[in-house]
Amino acid sequence: MGNSDLRRLDREIRATTKKLEAVRNGEWWPLTARERLAMSRALASGARSVTKGRSTGRAEQQMDTTGSAAETRLSAELSGLYVERRRLIAESRKKKSSRWF
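As the structure is a computational prediction, the values presented were derived from the model and not from experiment. (Residues numbered from 1 in each chain as written. Predicted model: local features only at pLDDT ≥ 70, side-chain atom pairs only at ≥ 80, totals over all residues. Heavy atoms only, no water.)

**A few points about the overall build of the chain**
For the chain, the helix and strand inventory stands at three helices and zero strands. The order of α-helices and β-strands along the chain, N terminus first, is α-α-α. In terms of C-alpha radius of gyration, the chain reaches 21 Å, well past the compact-globule figure of 13 Å for 101 residues. On the principal axes, the C-alpha backbone points of the chain span a range of 80 × 20 × 15 Å. Within the chain, the proportion of its 101 residues that are buried is 21%. (Helix = DSSP H or I, 4+ residues; strand = E, 2+ residues; numbered from the N terminus. Rg over C-alpha atoms; globule rule 2.2 N^0.38 Å. Buried < 20%, exposed > 50% of the residue type's maximum accessible area, 1.4 Å probe, protein only.)

Take a look at the structure:
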């Protein structure tokens, strides 16, 4: 477990952080295909409600729910990456301290 693993994890942490910020800003690019489909369906449903002169509350709620689920997923992924990073660092320190010379 060398520096390459740590660099890889750091790169993944940066990418996941960017994705999380994008989701918080309402962007769709970090969403999974299933989440994009749910957002598109809610958007189409809301557009249909508008053309019929109805409220878009349910569609907005569905979009908010999908966005918060994506945010939760990315937050969990980010915390898992941090845990793995800490584990690698602890393992590296343990190997260094176990040397007898």
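Next comes the rest of the description.
**A short note on the pattern of salt bridges**
Throughout the structure, instances matching the rule amount to seven salt bridges. Between Arg8 and Glu12 there is a salt bridge, with its nearest N and O atoms 2.9 Å apart. Taken as a pair, Arg8 and Glu12 lie in helix H1 (residues 3-24) at a separation of four residues, close to a single helical turn. Taking relative accessible area as the criterion, Glu12 reaches 32% and is therefore assigned partly exposed. (Salt bridge = Lys/Arg side-chain N within 4 Å of Asp/Glu carboxyl O.)

**Re the packing of H1 against helix H3 (residues 57-97)**
Running from N to C, H1 and H3 cross one another at 160°; their axes reach a closest spacing of 9 Å. When the axes of H1 and H3 are compared, the pair comes out roughly antiparallel. Note that H1 runs across H3; the crossing there is left-handed. Tallied by class, the residues present in the contact of H1 with H3 amount to twelve nonpolar, four polar and nine charged. (Axes fitted to C-alpha atoms, helices over the stretch in contact; angles between N-to-C directions. Parallel < 35°, antiparallel > 145°, perpendicular 65-115°, else oblique. Left-handed = near helix turned anticlockwise from the far one by under 90°. Nonpolar A, V, L, I, M, F, W, Y, C, P; charged D, E, K, R; others polar.)

**Comments concerning the confidence of the model for the chain**
For the chain, mean pLDDT is 92; residues scoring 70 or higher make up 94% of the total. Per-element mean pLDDT across the chain ranges from 93 in H3 up to 96 in helix H2 (residues 33-51). (pLDDT = per-residue confidence, 0-100.)

**Things to note about the nonpolar core**
In terms of nonpolar packing, the biggest core is built from eleven residues, these being Leu9, Ile13, Leu20, Val23, Leu31, Met39, Ala70, Leu74, Leu78, Leu81 and Leu88. Looking at this core, the elements that each hand over two or more residues are H1 and H3. Ranked by residues supplied to this core, first place goes to H3 with five residues. (Core = buried A, V, L, I, M, F, W, Y, C linked by side-chain atoms within 4.5 Å.)

**Some remarks on H2**
Three- or four-residue spacings in an α-helix give side chains the same orientation, since the helix completes a turn every 3.6 residues. For H2, spanning 19 residues, the distance from its first C-alpha to its last is 27 Å, which sits close to the expected 27 Å at 1.5 Å a residue. Those residues of H2 that fall on the buried side of the exposure criterion are Glu35, Met39, Ala42, Gly46 and Ser49. Relative to the axis of H2, the buried residues are bounded by an arc of 85° and lie together on one face. Looking at H2, the residues exposed on the side facing more than 90 degrees away from the buried face are Ala33, Arg34, Arg41, Arg48 and Thr51. After H2 finishes, the residue Gly53 shows a positive phi value of roughly 80°. (Expected span 1.5 Å × (residues − 1). Arc of directions from axis to C-beta.)

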